[in-house]
Amino acid sequence: MRPARATRVSSVAPAYLLLTLTALLWAGNAVSSRWAPGHVSPQVITTLRWAVACAVLAPFAARRLLAEWPLLRRHWLRILLMGGLGYTAFNCLFYAAGVYTSAVNLALFQGAIPVLVILLNRFTYRVPVTLGQMVGVVLTLIGAGLAATHGDLSVLTRLDFNRGDVLVFGACLLYAGYTIFLPTRPKVTALAFFAAMAVAAFVTSLPPLAVEWATGHAVWPGPAGWAMVAFVGLGPSLLAQLFFMRGVELIGPNRAGLFVNLVPIFGAILAVLLVGEPFGAIQAVALALVLGGIACAERLKPAPAAEATPEAAYSQTRTRRM
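Computed from a prediction, not measured in an experiment: that's the story for all the values here. (Residues numbered from 1 in each chain as written. Predicted model: local features only at pLDDT ≥ 70, side-chain atom pairs only at ≥ 80, totals over all residues. Heavy atoms only, no water.)

Enquirer: Explanation requested: the side chain of Thr22 in the structure shown.
Expert: Note on placement: Thr22 falls in helix 1 (residues 2-35). Thr22 has contacts with Ala240, Phe243 and Phe244, leaving out every residue within four places of it along the chain. (Helix = DSSP H or I, 4+ residues; strand = E, 2+ residues; numbered from the N terminus. Contact = heavy atoms within 4.5 Å.)

Enquirer: Even after reading the chapter, I still don't get the pattern of salt bridges, so can you show me in this structure?
Expert: Proximity of charged atoms lets side chains of opposite charge pair with each other. All told, the structure shown has one salt bridge when counted by the stated rule. A salt bridge links Glu68 to Arg64; its shortest N-O distance comes to 3.8 Å. For Arg64, a relative accessible area of 42% puts it in the partly exposed group. (Salt bridge = Lys/Arg side-chain N within 4 Å of Asp/Glu carboxyl O. Buried < 20%, exposed > 50% of the residue type's maximum accessible area, 1.4 Å probe, protein only.)

Enquirer: I keep staring at the packing of helix 4 (residues 76-97) against helix 9 (residues 163-180) and nothing clicks. Help me out?
Expert: Two measures define how a pair of helices packs: the angle their axes make with one another and the distance between the axes. For the pair helix 4 and helix 9, the least separation of the axes is 8 Å and the interaxial angle reads 160°. Considered as vectors, helix 4 and helix 9 are oriented roughly antiparallel to each other. Considering how the two elements wind past one another, helix 4 and helix 9 form a crossing that is left-handed. The segment helix 4 lies against helix 9, with Met82, Leu85, Gly86, Tyr87, Ala89, Phe90, Leu93, Phe94, Ala96 and Ala97 engaging Gly164, Leu167, Val168, Gly170, Ala171, Cys172, Leu174, Tyr175 and Tyr178. (Axes fitted to C-alpha atoms, helices over the stretch in contact; angles between N-to-C directions. Parallel < 35°, antiparallel > 145°, perpendicular 65-115°, else oblique. Left-handed = near helix turned anticlockwise from the far one by under 90°.)

Enquirer: Honestly, empty space enclosed by the protein in this entry has me stumped. Any pointers?
Expert: One simple way to see leftover space: roll a probe sized like a water molecule over the atoms. For the structure on display, the rule yields two cavities of 30 Å³ or more. Size it by volume and the second largest cavity reaches roughly 30 Å³. Around the second largest cavity sit Ser33, Ala36, Pro37, Val40, Ser41, Pro42, Ile45, Tyr95 and Val99, which together line it. The residue makeup of the lining of the second largest cavity, split by class, is seven nonpolar, two polar and no charged. (1 Å grid on protein atoms, 1.4 Å probe; cavity = no way out; pocket = protein on both sides within 12 Å on 5 of 7 lines; lining within 4 Å. Points joined across faces, edges and corners; volume = space filled by probe spheres on them. Nonpolar A, V, L, I, M, F, W, Y, C, P; charged D, E, K, R; others polar.)

Enquirer: Explanation requested: helix 4 in the structure shown.
Expert: Residues spaced three or four apart along an α-helix point in a common direction, a consequence of the helix completing one turn every 3.6 residues. Given a rise of 1.5 Å per residue, 22 residues ought to cover 32 Å, and the 30 Å separating the end C-alpha atoms of helix 4 matches this to within 8%. Remark: the principal bend of helix 4, roughly 35°, maps to Gly84. (Expected span 1.5 Å × (residues − 1). Bend = angle between axes of the 7 residues up to and from the residue.)

Enquirer: Please explain a nonpolar patch on the surface as it appears in this structure.
Expert: Taken together, the side chains of Trp35, Ile265, Ile269, Val272, Leu273, Leu274 and Phe279 define a hydrophobic patch exposed on the protein surface, amounting to about 620 Å² of accessible area. Sorting elements by how many residues they give to the nonpolar patch places helix 13 (residues 262-275) first, with five residues. Along the chain, the position of Leu273 falls in helix 13. Residue classification places Leu273 among the exposed residues on the basis of a relative accessible area of 64%. (Patch = residues over 30% accessible without salt bridge, like charges linked within 9 Å, V, L, I, M, F, W, Y side chains within 5 Å. Areas by Shrake-Rupley, 256 points an atom, 1.4 Å probe, with all protein chains shown as cover.)

Enquirer: What am I meant to see in the environment of Phe266 here?
Expert: Within the secondary structure layout, Phe266 lies in helix 13. Taking the C-alpha atoms as reference points, Phe266 and Trp26, separated by 240 residues in sequence, lie 8.8 Å from one another.

Enquirer: Explain the packing of aromatic side chains here, please?
Expert: To describe a pair of aromatic rings, one takes the distance between the centres and the angle between the planes. Considering all chains together, one arrives at five aromatic pairs under this definition. For the ring pair Trp50 and Tyr87, a centre distance of 4.8 Å and an interplane angle of 20° mean the geometry is stacked. Taken together, the residues span a long stretch of sequence, with Trp50 in helix 2 (residues 42-67) and Tyr87 in helix 4 at a distance of 37 residues. Residue classification places Tyr87 among the buried residues on the basis of a relative accessible area of 4%. Ring geometry for Tyr175 versus Tyr178: centroids 5.1 Å apart, planes at 50°, classification tilted. In this pair, Tyr175 and Tyr178 are both assigned in helix 9, three residues apart and thus about one turn of the helix distant. Tyr178 shares its class with Tyr175; the two are buried. (Phe/Tyr/Trp six-rings, centres within 6.5 Å; stacked < 30°, edge-to-face > 60°.)

Geometric values such as these leave the question of function open.
Okay, here's the thing in structure tokens:
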């Protein structure tokens with residue numbers, strides 16, 4: 001029994017490492033959005049990050065993209081909308097929010113995405129929600145409200161939210177919507193689909209960039225700005241997505257999805273260490289509520305018989321999507 005157990009542990013260890021790095025990179029994106037103002041404007045960094053991702057991805061994905069283009073072309077509108085909303089609009093709102101709210105709050109709200117996915121799945125596809133999941137949703141919403149009001153719950157009665165908190169919540173809602181539509185993507189390889197999405201994200205980022213430039217709000221990066229562009233282009237936009245895909249392949253989508261819950265933890269730590277933001281009792285309670293709510297929602301969600309094991313879940317997902 002011990003050798004078999006050791007074999008199982010060694011086989012999933014790379015997945016744990018890759019998925020942990022994924023969460024760390026996504027948390028770093030929250031900190032970058034807080035650093036970006038003054039160094040590079042929201043639309044400029046959004047366009048440049050996807051330009052970097054596309055340029056690096058091209059040598060590896062170009063052949064696969066061309067081979068599967070006939071099928072991708074039939075779904076061009078869906079790909080354009082998913083890339084435009086899930087990638088471009090999400091990033092635009094996320095970076096704009098960084099002008100007004102803290103990196104800790106950005107990470108906290110991003111950690112609520114899994115719960116938003118549960119809610120949208122319920123309303124869109126009638127996916128059943130358990131009592132445990134409802135408890136998780138309530139805890140997460142309380143935590144998000146505490147973060148948004150910065151501990152002043154009387155703000156709720158005056159509807160006086162920080163505009164950055166509203167922007168980041170809208171960004172997370174868009175990404176949750178993008179997530180629930182992923183199962184309907186064209187039946188092509190993951191690499192070709194991701195490459196097409198990256199191109200769609202770059203193309204749809206150009207009109208907002210033109211508006212920002214025309215209104216005189218565009219800030220082109222200097223040395224520090226280019227460092228941020230390089231990080232978000234290579235890290236959150238490219239490597240994190242590839243790491244996550246590989247992690248799902250190794251341990252299945254259900255277990256891999258739980259690692260998203262590490263984002264607010266890493267985000268809070270990075271905000272304190274790198275940005276120098278305070279991390280007091282209010283932030284700690286909000287963080288605990290968000291993480292506790294996500295844990296309830298993820299661990300107590302219904303498990304169909306076909307998804308009794310992570311391997312079976314991934315096999316079924318791959319067959320349906322690929």
